[in-house]
Amino acid sequence: MINKKRFIDTAELLVKVNYGKTLAKATPPEKYYAISRAILEQLIENWSGTTEAYSLGKEAYYLSAEFLMGRAFSNNLINLGIYNDIQDYLKEINIDINAIEEAEADAALGNGGLGRLAACFLDSCATLNFPVTGYGIYYNYGIFKQTFSDGFQIEEADTWLKDGNPWGIRKEGESVVVEFSDQRVRAVPYDLPIVGYETKNINTLRLWQAEALEDFNYTLFNDQKYHEAVAEKNRAEDISRVLYPNDSTEEGKILRLKQQYFFVSASLKDIVKKYKRTKGDDFSQFHLNTAIQLNDTHPVVAIPELLRILMEEDLSFKVAWGICQKTFAYTNHTILAEALEQWDCGLFERILPRIYSTIKLIDKELLKDLSSMGYPSEKIKDMQIISNNRIRMAFLAIYGNHTTNGVAALHTEILKNQELSNWYNLYPERFQNKTNGITPRRWLALSNRELTQFIISLMGDSNWLKDLERLKSLETLKNHEDILDAFMEIKEDKKRQLSEYILQEEGIGIDTNFIFDIQIKRLHEYKRQLLNAFHILDLYYRIKENPKMDLAPRAFIFGAKAAPGYFRAKGIIKFINEIAGLINNDPEVQDKLRVVFVQNYRVTYAEKLFPAADVSEQISTAGKEASGTGNMKFMLNGTPTLGTPDGANVEIVEEAGEDNNFIFGARVEELDEIKDTYDPIYFYENVQGLKRVVDSLIDGTFDDGGTGMFLELYNSLLKGASWHSPDHYFILKDFDDYRRAQMDIDKDFRNKRGWAKKCWINLCNAGKFSSDRTIREYARDIWNIREVTI
Ligand SMILES: *Cc1c(COP(=O)(O)O)cnc(C)c1O
């Protein structure tokens, strides 16, 4: 554990040498830095020991452009089992641990689900003692900070590193050089400890920072060319400067390609260097020693890069290609057409000429393979990696790997039967499903200590936190009144805590008697926040028409960032904020409705929102949400899902039962059938109340400040706009059934006992959705690695 005296002494020493003061006089960020660093100091031995032990056998590497980590401090203390001790030690020197926690900025190096999945996976790998290292980018600025001004989203830079990062250790000596056609830069690794729960193992997240080979050009400086003297430094640092804020949309930008190649090339050089240290130049063992998982297509340039490195080591194309295919695996995260990553050949060749010619070699090999199998030339054209002067990264990934996986059962079936059916027919053995999961340490033990303690008191131990299927044993308590009462009291407590936080942050009060109905996720048309908005407005108008309407009071809570260039998504934020303004300021509905869009939704806000929810909104168009993981966080905190038959919702209902959740809307098969003839006007004109809420976009009910946002939204629904067919995401079609499901909730919620039972059954059946289960499957079915304990 932690040596108390050494801990306090180290913290004192650190504030002294770093800030020239005593702990007592330090500011909260200074205290946070010194205290965290003093804890890290006592972890180094186990950390190095883990690295050492892992290097003796096969290791897996998780390459991801995003890691949405959130805060580290409390998570690390909980996983180390020292939270209470540290809290006591700090109290003795008059430091409130909450003030330390609040001084930490989120490491928000990701957009949404994909980046958060990577973070949950790292937690599970460390907890299960699997030899897995994460590789990514040490972005100077993470996802932007969001505020609202007059209901419009405003973006500001996320300066998460401004007070330093006590958990990051710069490993100068392990820097490597990365080459582009027009520049060479230094990649410097920052290692972050990934502390497992109840284990000594500490895994590593290695994030690369781009720096200039030479900081400063003296000759230019002497010639009084001051800007030019540092230009090269800035150009190098630009590469890891900022995370691209697009979630599920591809943007073919040069800097983005440079980011991808930068971290991939650095990581592979690191991996190969390590391999050569133990195995020398014999690469025949490489794939037996190394597994590399590609998190979506962002790191897929790793495939030609490894091929290139191996060929430079004098391996033939054939041998090197065989090693690549046996080393890589690829996770597909989406079937949205706008997300399919493709690079323009010209742009790609200009920046990465060596990689481009390597991809051409691979594409030629594919042509040969398919021809020899008798594929007709039309079919081959459909499958070529390079087509229409573009490189299709998903095809490169599948051809260059041994396993491609989807992230939920439904999603994997769609990949096999539709999106990637050509590839599935060619390589059926390469396709697997790995349903996503979440770490119960952050999403229960940390974010809901009250419920965790309650479950520990029922279980008699805390081992279930790494064996989550054990929750199932609590289902027999579903009819025990005192158990359900205590459980719902905890929910009430979490609602009160959230309510206080929302009042403080957003200036809006919510009574805990209200149903807390929460939709928190990135803002995207397919996620259908607009459907939720239309329903709220419809409900408002119905109450206005019938003020005596018997209704359980409801607070609709939203949290979402929109990509800065996604005009329509920003229009939806403004629209919801307009609805919130109308409803929250109407005294006639004060006791029935509240609408709050919280600002800057992020991991730390999420930790307060999930435990306080009564209703989990998972209302994406069927077939569009690959898995979802927010849905699992709600479930684990005992919240029923109001959702479509999409992504992991399907499996949630399989586990917890139809009766304990609220499923509505068209299924994938139905939408496939009607999609070419769908006419939203029919629903607009015939569904009771629907025209009224859709027209509010253009009839002067709301003001979009002259931006044209609302008209554009209106047109996207009824006329089609940009590349969309009218109502591309079937909002109008699903509206009526959504409203029906919402009324079911209204009725069921008022049966307190029945509602508590539904919540309880959801919690008890959340075991499948631990990322520990997911990671065990990856380790066994894809990586072929075993636990290593120290
Ligand atoms: C879990 C999580 C997500 C993913 O939410 P979905 O509902 O699955 O899209 C996004 N952002 C944050 C901060 C999260 O914690």
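What you are looking at is a predicted structure, and each value in this text was computed from that prediction instead of being measured. (Residues numbered from 1 in each chain as written. Predicted model: local features only at pLDDT ≥ 70, side-chain atom pairs only at ≥ 80, totals over all residues. Heavy atoms only, no water.)

## Side note on a nonpolar patch on the surface
Among the surface-exposed residues, Phe-216, Tyr-218, Phe-221 and Tyr-226 lie close enough to one another that they form a single nonpolar patch of about 420 Å² accessible area. Among the secondary structure elements, Tyr-218 is positioned in helix H8 (residues 218-222). Taking the relative accessible area as the measure of exposure, Tyr-218 reaches 54% and is therefore exposed. (Patch = residues over 30% accessible without salt bridge, like charges linked within 9 Å, V, L, I, M, F, W, Y side chains within 5 Å. Areas by Shrake-Rupley, 256 points an atom, 1.4 Å probe, with all protein chains shown as cover. Salt bridge = Lys/Arg side-chain N within 4 Å of Asp/Glu carboxyl O. Helix = DSSP H or I, 4+ residues; strand = E, 2+ residues; numbered from the N terminus. Buried < 20%, exposed > 50% of the residue type's maximum accessible area, 1.4 Å probe, protein only.)

## Side note on the pairing of strand S12 (residues 328-331)
Burial of the side chains of S12 extends over both faces: Phe-328 and Tyr-330 are buried on one face and Ala-329 and Thr-331 on the other. Note that strand S11 (residues 290-295) and S12 share four bridges and pair parallel. Counted as the bridge partner of Ile-292 is Phe-328 from S12. Bridging between S12 and strand S16 (residues 403-406) involves three bridges; their strand directions are parallel. (Pairing = 2+ DSSP bridges.)

## Comments concerning the UniProt feature "modified residue: N6-(pyridoxal phosphate)lysine" (unreviewed entry) in the protein chain
Cross-referencing UniProt, the feature "modified residue: N6-(pyridoxal phosphate)lysine" (unreviewed entry) maps to Lys-633 in the present numbering. In this structure, Lys-633 sits in helix H26 (residues 630-636). Excluding anything up to four places from it in sequence, Lys-633 contacts Arg-116, Ile-438, Trp-443 and Phe-610. (UniProt positions renumbered as here; feature names shortened; annotations may be inferred. Contact = heavy atoms within 4.5 Å.)

## A short note on the pairing of strand S8 (residues 176-179)
Residue alternation in S8 divides its side chains into a buried set, Val-176 and Val-178, and an unburied set, Val-177 and Glu-179. One ladder, built from four bridges, connects S8 with strand S9 (residues 184-195); its direction is antiparallel. Along S9, the bridge assignment pairs Val-177 with Arg-186. Taking the residues between adjacent antiparallel strands as the criterion, S8 and S9 are bridged by four residues.

## Some words on the environment of Arg-184
Position of Arg-184 relative to the elements: it lies in strand S9. Among the residues examined, Arg-184 registers a relative accessible area of 46% and is labelled partly exposed. Here Arg-184 is in contact with Val-177, Val-178, Glu-179 and Leu-213, once residues within four sequence places are set aside.

## With respect to the sheet that holds strand S22 (residues 641-643)
Across the sheet, six strands lie side by side as S20-S19-S18-S21-S22-S23; this open sheet has parallel pairing. Looking at which strands have only one partner, the edges of the open sheet turn out to be strand S20 (593-598) and strand S23 (662-663). With three bridges joining them, strand S21 (residues 615-618) and S22 adopt parallel strand pairing. Opposite Gln-618, over in S22, you have Gly-643 as the bridge partner. Contacts from helix H22 (residues 481-506) reach strand S18 (515-520), strand S19 (554-559) and S20, with the element oriented near 65° to S20. Relative to S19, helix H23 (residues 529-545) is tilted by about 155°, and along the sheet it contacts S18, S19, S20 and S21. (Axes fitted to C-alpha atoms, helices over the stretch in contact; angles between N-to-C directions.)

## A few points about the packing of aromatic side chains
Counted under the stated rule, the structure contains 41 aromatic pairs. Ring centres of Phe-121 and Tyr-778 lie 5.4 Å apart, and the angle between their planes is 65°; on these two criteria the pair is classed as edge-to-face. One end of the pair, Phe-121, is in helix H7 (residues 113-127); the other, Tyr-778, is in helix H34 (residues 771-783), with 657 residues separating them in the sequence. Of the two residues, Phe-121 and Tyr-778, both sit in the buried class. On the basis of an interplanar angle of 45° and a centroid distance of 5.3 Å, the ring pair of Trp-321 and Tyr-399 is categorised as tilted. On the criterion of sequence distance, the pair formed by Trp-321 in helix H13 (residues 317-327) and Tyr-399 in helix H17 (residues 393-399) is long-range, its members being 78 residues apart. (Phe/Tyr/Trp six-rings, centres within 6.5 Å; stacked < 30°, edge-to-face > 60°.)

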